[in-house]
Amino acid sequence: MSLGVRWTLHGDGKTPAPGAVVRPDERLSWPRTFGLGAQHVVAMFGASFVAPVLMGLDPNLAIMMSGIATAIFLLATKGRVPSYLGCSLSFVGVAATIRASGGDAATITGAVFVVAVALFLVGLAVQRFGARIIHAAMPPVVTGAVVMLIGFNLAPVTASTYWPQDQWTALAVMLFTGLAVVCLRGFLSRIAIFLGLVFGYVLSWVLDLVFGKINSPVGGAAAVDHWRLDLSAVGKADWIGLPSFHAPSFEWSAILVALPVVIALVAENAGHVKAVGEMTGDSLDDKLGTAIAADGAASMLSTAVGGPPNTTYSENIGVMAATRVYSTAAYWAAACFALLFGLCPKFGAVVAAIPGGVLGGITVILYGMIGLLGAQIWLNGRVDLRNPLNLVPAAAGIIIGVGGVTLKITDNFELGGIALGTIVVITGYHVLRAFAPAHLKTQEPLLDSGTSAYDERSDEAGAHGGSSGDTGTGPGKA
């Protein structure tokens, strides 16, 4: 049985011919392959390192488990779906909510472990019954609304925790990152978040040298004098060592807050498989369920030892689009590099020292982009918000999720925020649909029988030599 770990040399192994692509089962020379692997690691740096810091988890463990997760994914898909699995930003809001209610890192990883199990089971169901079951439960109006409320629910975290620590650095980092995303081209545009982090890091260091300590709140606490960039932990960290592990703990209140994120993860994986299939020209319809299940299994392993959940990364799809090299050998190289980084505590200490003001500038853009992916799902699904069947549940759920509305069930249990908003969107849509008149029930599917097309416009574009629209989780424009 093939595991997808054998590759044929593409051409002379040096430079692909003009217009040619390096397919997943091909590779360039090993030095070039490892160079591409390093490029993939750099592409995922920004989001994959920021996410565990924002969740209060060990960044060293996060990067190490991302390498292991990528290996699991490549083996499960037998090398047909080139992908890097990095720390999912979809859980940042969940982590903030759980911590605000008194939970710790173990509570967070326990809740996310249950989500990973749910994702694994969804993958098995899709593998058995096909992608139409996703449409039946989660049409575009539902999926888009849930992704949107998950992203926008994070707004208070930026406003109250990160931005106040150094508002002028946050503003500068926000402007720099925005310019990098819009103005840079090719590979540099794919690592705009990483470049923003580096810019903010250097800026904070310069401001400390010029102006000394800043008086501001740290982590939502009272204002104190502190260095913007505190590297004291870096000098104490070892060069080589294992990251810190911990076992998850399980609390129903935290689990209910986290479960809605499974919808976002399914949408991310579906978009990834679709995008890769279109770029490589290889129908990957039969691998959608496997990809979702592999993501779930990898996240189960990561959270079981105290790491964050993982998901497919659109930044790395962008690298493939720019280089036209889809070789899974490059992803194996990236996984090896990630394992090595994870075994360097000093490197993790550098990541953990990212100043709060820098995170403020980055998260303003990052959290907004997560939320607006929901709008992109609506656009690709051609959701008509003039239709009250779509408008009412989406509007109610988003306001509940973003505003932190709560529903007290008993003296010791209440639903609120992301969990309650998601329940309102899903149940509200299906209940209203059951009673709605026939003319309101026209709805385009989230997924067809496969993932190679989402709507008729994709087919028309393909017939005229164009490319189909992105799902919002695929690559940006080079």
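Residues numbered from 1 in each chain as written. Predicted model: local features only at pLDDT ≥ 70, side-chain atom pairs only at ≥ 80, totals over all residues. Heavy atoms only, no water.

**Student:** What is the right way to look at the overall build of the protein chain in this model?
**Tutor:** In terms of helices and strands, the protein chain carries 21 helices and eight strands. Across the 478 residues in the protein chain, those meeting the buried criterion constitute 53%. Partitioning the contacts of the protein chain with sequence separation of at least 6, the portion at a separation of at least 24 is 79%. Just so you have it, the protein chain exposes about 19800 Å², and 66% of that area is on carbon and sulfur atoms. (Helix = DSSP H or I, 4+ residues; strand = E, 2+ residues; numbered from the N terminus. Buried < 20%, exposed > 50% of the residue type's maximum accessible area, 1.4 Å probe, protein only. Contact = heavy atoms within 4.5 Å. Areas by Shrake-Rupley, 256 points an atom, 1.4 Å probe, with all protein chains shown as cover.)

**Student:** What am I meant to see in the environment of Ser-327 here?
**Tutor:** Checked against the element boundaries, Ser-327 lands in the loop between helix H15 (314-323) and helix H16 (328-342). In this structure Ser-327 comes out as buried when scored by relative accessible area, which is 3%. In the structure, Ser-327 is positioned 300 residues away from Arg-27 in sequence and 5.5 Å away in space, judged by C-alpha atoms. Every residue in contact with Ser-327, bar those within four places of it in the chain, is listed here: Trp-7, Val-22, Arg-23, Pro-24, Glu-26 and Arg-27. For Ser-327, the side chain forms a polar contact with the main-chain oxygen of Glu-26, separated by 2.6 Å. (Polar contact = N/O pair within 3.5 Å; in protein donor to acceptor, adjacent residues only side chain to side chain.)

**Student:** What am I meant to see in the environment of Thr-177 here?
**Tutor:** Structurally, the position occupied by Thr-177 is in helix H8 (residues 167-183). Sequence separation between Thr-177 and Ile-191 is 14 residues, and the spatial gap between their C-alpha atoms is 9.8 Å. Contact partners of Thr-177, with chain neighbours within four places excluded, come to Ala-192, Ile-193, Gly-196, Ile-362 and Ile-365.

**Student:** Can you walk me through the nonpolar core in this structure?
**Tutor:** One broad trend across soluble globular proteins is that nonpolar side chains are buried collectively. In terms of nonpolar packing, the biggest core is built from 95 residues, with Met-55, Leu-288, Tyr-367 and Trp-378 touching the most fellow members. Tallying contributions element by element places helix H13 (residues 261-280) first for this core, with ten residues. The residues contacting Tyr-367, other than those within four sequence positions of it, are Leu-54, Val-92, Gly-151, Leu-154, Val-157, Thr-158 and Tyr-162. Within the second largest apolar cluster, five residues are counted, among which are Val-22, Leu-28, Leu-36 and Val-325. (Core = buried A, V, L, I, M, F, W, Y, C linked by side-chain atoms within 4.5 Å.)

**Student:** Looking at this structure, how should I read the pattern of salt bridges?
**Tutor:** A side chain of one charge can pair with a side chain of the opposite charge if their charged atoms are brought near each other. In this structure the tally under the stated criterion is three salt bridges. For the salt bridge of Asp-208 with Arg-228, the shortest nitrogen-to-oxygen distance reads 3.0 Å. In this pair, Asp-208 is assigned in helix H10 (residues 192-211) and Arg-228 in the loop between strand S5 (223-226) and helix H11 (232-236), connecting sequence segments 20 residues apart. Taking the relative accessible area as the measure of exposure, Asp-208 reaches 9% and is therefore buried. Ionic pairing is found between Asp-384 and Arg-386, a salt bridge with its closest N-O pair at 2.9 Å. (Salt bridge = Lys/Arg side-chain N within 4 Å of Asp/Glu carboxyl O.)

**Student:** Mind showing me how you'd approach the side chain of Lys-346 here?
**Tutor:** Checked against the element boundaries, Lys-346 lands in helix H17 (residues 345-352). One buried charged side chain, Lys-346, makes no salt bridge at all; its nearest oppositely charged neighbour is Asp-238, positioned 7.1 Å away. Contacts of Lys-346, omitting those with residues within four sequence positions, involve Val-234, Gly-235, Ala-237, Asp-238 and Trp-239. (Lys, Arg positive; Asp, Glu negative; His and termini not counted.)

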